[in-house]
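Understanding the architecture of this molecule
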Amino acid sequence: MQPTDSKTSVTPNAAAKNSDTQTITIPPSKKKNKPSPKVRRRLKEAEPLSFTIDNLSHDGRGVAVYGNGFGVDDGHAEDKHGKKVFVSFALPGETVEVKLTNSRASFEEGDAVAITTNPNPERTVPPCPHFGVCGGCNLQHWQPESQITFKQSVLAEMLQHQAGVQPETWLAPVVGDRLGYRTKARLGVRYVAKKQTALVGFRERASNFLAELNECHILDPRIGFEIENLKALISTLDSRDKIAQLELAMGEYLPELPDGNQPVALIVRNLEPLSDADVEKLKVFFAARNWQLYLQPKGADSVVRIALTADDDMSQQFGRLYYQLPEYDLTFEFIPTDFTQVNLSVNRQMTKLACDLLDLKAGERVLDLFSGLGNFSLPLARLVGETGSVVGVEGSDAMTARAAENARRNGLHNTEFYTQDLTQDCTDKPWANQGFDALLIDPPRSGAWEIMQYLPKFNAERIVYVSCNPATLARDTKALLEQGYRLTHAGVMDMFCHTGHVESIARFEKIAA
């Protein structure tokens, strides 16, 4: 758990240090470092050890080494001197007591359980009472401004390490809602008979067990402060031990639109058919809150909407949710299973920043790769006007159709959308040979390595790359530099505050021949 038993007082609001000068260490792979049962038992019985935190890993954990200021009498065995220890909830410069949780040949892991000296002035009191147990976020002990500065340093280090470059201009970080921002999530559910209560929420850190939550300060408060009520509801169901998951999606309240007065949707994953009495309990609970209710007894195709009022449109499998980009007079329609950005306040700023960086002029042609439901395509279309055009390309037929429908709903007639496997060279397709002035790419975490191999064929003068993984952005940056582009701008966006995830953006410009 987080260090709450500090031996010195922690000053949360003192002046922050400059994270740019810290050396960043790559953390071990989470998939390969789980301790064996034997190691877990040994470490559970061991006393905490003292360490001084030297720097941070990419995921925001403190990094210490055996033998740095401590000797054999302090539990630092001589044969371990120099061995790295990754410490959750610790910040640079602090001396902390660490309860070890994993020990491997090349590294160890643990949790800071007390600060003995030199509390970092950037430390703050976590807003959530479940922080340290719940695995939903891992940086609430750190001031948000320091978190985003650190994330920029992670991006800078990766760009330097993998591509040997820094941008000509660092963009100011994009900051939005830092609590109550998450509008998409999957929450685990488990009924614990011994406690006669259901658990609803995220898993515990480094565990398959669900954390025992009553509230969540990261989730949109429309759900984050309903967890206790959801637990109570599920505990009353006959099938309470057959509910496995809640998938939630939230939009904006727009009562003038169909389903717009029901901006919260939950998909209940039920392992067995529910009784009529259980369905009725769910309907009463959801109707009281103007939520959309869905049941999912099997795979994704089995999701069915449950009518709560006579006005609910049951002609389609899913109801509608919405979000807006007021800067461009756009309203987007989506369904609960669609991909959307989790932080709507940051998304509004991110789309504007991407548009500004492309510096579009009326009449230009733009290519949007991984275009989704049109989150970037539609504002780009507004900017190039009726004499310009935007081509959006996406791997999902459903999302391509959603983008085209959103363009139609918003009165845009200068867009085209196509479904294409973007891991394959598609430059022989008719839509790819129209010539493009600018290109926007927003790939998944794996990046766009395959696209980098054929991207020069599009011959775009300007490229904006939006990324949720700085490692793959840095890798792809190297490819773009080798293909005759220069990195003009880069920056980070606080899409996932209080977590180690980094959202970033970069602009490239073709070097004149």
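Residues numbered from 1 in each chain as written. Predicted model: local features only at pLDDT ≥ 70, side-chain atom pairs only at ≥ 80, totals over all residues. Heavy atoms only, no water.

Comments concerning a positive patch on the surface
Formally: Note on patches: the residues involved have over 30% relative accessible area and no salt bridge, like charges join within 9 Å, and the nonpolar side chains Val, Leu, Ile, Met, Phe, Trp and Tyr join within 5 Å. Each accessible area is a Shrake-Rupley estimate made with a 1.4 Å probe; only the visible protein chains count as cover when residues are assessed. Any Lys or Arg side-chain nitrogen found within 4 Å of a carboxyl oxygen on Asp or Glu counts as a salt bridge. This count recognises Lys and Arg as positive and Asp and Glu as negative, with His and chain-terminal groups excluded. Here the site of a charge means atom NZ of a Lys, CZ of an Arg, CG of an Asp or CD of a Glu. In this text, helices come from DSSP runs of H or I with a minimum length of four residues, and strands from runs of E with a minimum of two, each type numbered from the N-terminal end. The buried label goes to any residue with under 20% of its type's maximum accessible area, the exposed label to any with over 50%, and the partly exposed label to all in between, with areas taken from a 1.4 Å probe on protein chains only.
On the surface, a cluster of positive charge is contributed by K38, R40, R41 and R42. Note on placement: K38 falls in helix α1 (residues 37-45). The exposure class assigned to K38 is exposed, which follows from its relative accessible area of 64%.

Quick word on the side chain of N347
Definition in use: The contact definition used throughout considers only heavy atoms, calling two residues in contact when any of these lie within 4.5 Å.
By secondary structure assignment, the location of N347 is in helix α6 (residues 344-358). Sequence-distant contacts of N347, that is, excluding residues within four places in its chain, are made with Y323, L325, Q341 and N375.

Concerning the confidence of the model for the protein chain
Note the cut-off: Residue-level confidence of the predictor, termed pLDDT, takes values from 0 up to 100.
In this model, the protein chain carries an average pLDDT of 92, and 94% of its residues clear a pLDDT of 70 or more. Here residues 4-23 is a poorly scored stretch, pLDDT under 50, and it has 44 contacts once near neighbours within four places are set aside; other chains count.

Concerning the sheet that holds strand β17 (residues 365-369)
Worth spelling out the cut-off: Any two strands are treated as partners once DSSP identifies two or more bridges connecting them. Fitted lines through C-alpha atoms serve as axes, helices being fitted only where they are in contact, and the angles separating the N-to-C directions of these axes extend from 0 to 180 degrees.
An order of β8-β22-β23-β21-β20-β17-β18-β19 is seen for the eight strands of this open sheet, with the pairing classed as mixed. A strand with exactly one partner marks an edge of an open sheet, and here the two such strands are β8 (169-170) and β19 (415-419). By the bridge criterion, four bridges tie strand β20 (residues 438-441) to strand β21 (residues 462-467) in an arrangement that is parallel. Pairing of L440 across the sheet is with V464, part of β21. Strands β20, β21, β22 (485-493) and β23 (503-510) of the sheet are contacted by α6, whose axis makes an angle of about 160° with β21. Here helix α7 (residues 377-384) sits on the sheet in contact with β17, β18 (389-394), β19 and β20, set at roughly 165° to β18.

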